[in-house]
Amino acid sequence: MDKTYECITFDLWQTLIVDQQDWGKIRSDLRINSCYEILNENHISIELDQIAFAYKQTYEKCDQIRKNGLDISFRDQVLMYLSFIKEGIKRIFYKKNYE
């Protein structure tokens, strides 16, 4: 019997990749610091604390959405994060990447 497969998927998280509790802080710090560097490289002046606060706001808002049985796309999570960082950044990002 000859089978043709169209798609193979792997469940990575907590299956092939087993997360450690303390890695969450490392991941979030890396994301926050990387965002800070990218914004500064693009001449967008912002404090690291403001980015960290926006990260926390985004996490809490997405968690609230999921607790209501809904989901939010990765793209919408990023746009939410950008809007929490600083007014107008979302517009710059969207125009640069989607127009």
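Preceding this section is the structure that the text describes.
The paragraphs below set out a description of the structure included in this document.

1. Quick look at the overall build of the protein
Then step 1. Scanning the protein for helices and strands turns up 4 helices and 0 strands.
Then step 2. Long-range contacts, defined as pairs at least 24 residues apart, comprise 37% of the intrachain contacts of the protein with a sequence gap of at least 6.
Then step 3. By element, 54% of the accessible surface of the protein is carried by carbon and sulfur atoms, the whole surface being about 8500 Å².

2. Quick notes on the nonpolar core
Burial of nonpolar side chains together is a common tendency in soluble globular proteins.
Then step 1. Core analysis: the biggest nonpolar cluster contains 11 residues, these being Ile 32, Cys 35, Leu 39, Ile 44, Ile 46, Ile 51, Ala 54, Tyr 81, Leu 82, Ile 85 and Ile 89.
Then step 2. When sequence neighbours within four positions are dropped, the list of residues in contact with Tyr 81 reads Arg 31, Ile 32, Cys 35, Ile 51, Ala 54, Tyr 55 and Thr 58.

3. Looking at unusual backbone geometry
Then step 1. A positive phi angle is found at His 43, which is not glycine, with a value near 60 degrees.
Then step 2. Within the secondary structure, His 43 is located in the loop between helix 1 (23–41) and helix 2 (48–67).

4. Some details on the pattern of salt bridges
Then step 1. Per the counting criterion, the structure on display carries 5 salt bridges.
Then step 2. Two residues, Asp 76 and Arg 75, come together in a salt bridge whose shortest N-O distance is 3.3 Å.

5. Observations regarding the packing of helix 2 against helix 3 (residues 74–85)
Helix-helix packing is characterised by the crossing angle of the two axes and by the distance between the axes.
Then step 1. The geometry of helix 2 relative to helix 3 is characterised by a closest axis approach of 8 Å and an angle of 140 degrees between their N-to-C directions. Between helix 2 and helix 3, the interaxial angle falls into the category oblique. Note that helix 2 runs across helix 3; the crossing there is right-handed. Counting all contacts with helix 2, which are made through Gln 50, Ile 51, Ala 54, Tyr 55, Gln 57, Thr 58, Lys 61, Cys 62, Ile 65 and Arg 66, the residues of helix 3 involved are Gln 77, Met 80, Tyr 81, Phe 84 and Ile 85.
Then step 2. Along the lines of polarity and charge, the residues of the contact of helix 2 with helix 3 split into 9 nonpolar, 4 polar and 2 charged.

6. Describing helix 2
Then step 1. Between its terminal C-alpha atoms helix 2 stretches 29 Å, which fits the 28 Å expected from 20 residues at 1.5 Å a residue.
Then step 2. On its buried side, helix 2 packs onto helix 1 and helix 3.
Then step 3. Looking one or two residues beyond helix 2, the residue adopting positive phi is Gly 69, at roughly 80 degrees.

Scoring rules and cut-offs
- Note that residues are indexed from 1 along each chain, following the sequence as it is written.
- Predicted model: local features are reported for residues with pLDDT of at least 70 only, side-chain atom pairs are reported and counted for 80 or more only, and whole-chain, interface and lining totals are derived from all residues.
- Hydrogens and water are ignored here; the side-chain numbers use all heavy atoms of the structure.
- Only DSSP runs of H or I reaching four residues or more are called helices, and only runs of E reaching two or more are called strands; each is numbered from the N terminus.
- In what follows, residue pairs with any heavy atoms lying within 4.5 Å of each other are defined as contacts.
- Accessibility throughout is a Shrake-Rupley quantity obtained with a 1.4 Å probe, and a residue counts as covered only by protein chains that appear here.
- Here, nonpolar core refers to any group of buried Ala, Val, Leu, Ile, Met, Phe, Trp, Tyr and Cys residues whose side-chain atoms link them within 4.5 Å.
- For the exposure calls, accessible area comes from a 1.4 Å probe over protein chains only, and a residue counts as buried if that area is under 20% of its type's maximum, exposed if over 50%, partly exposed in between.
- Salt bridge, as used here, is a side-chain nitrogen of Lys or Arg placed within 4 Å of a carboxyl oxygen of Asp or Glu.
- To get an axis, fit a line to the C-alpha atoms, keeping to the stretch in contact for a helix; angles then go from 0 to 180 degrees between the N-to-C directions.
- Oblique is the label for every angle not falling under 35 degrees (roughly parallel), over 145 degrees (roughly antiparallel), or within 65 to 115 degrees (roughly perpendicular).
- A clockwise turn of the near helix away from the far one marks a right-handed crossing, whereas an anticlockwise turn of less than a right angle marks a left-handed crossing.
- Here the term charged refers only to Asp, Glu, Lys and Arg, the term nonpolar to Ala, Val, Leu, Ile, Met, Phe, Trp, Tyr, Cys and Pro, and the term polar to all other amino acids, Gly among them.
- Here a helix's expected span is defined as the number of its residues, less one, multiplied by 1.5 Å.

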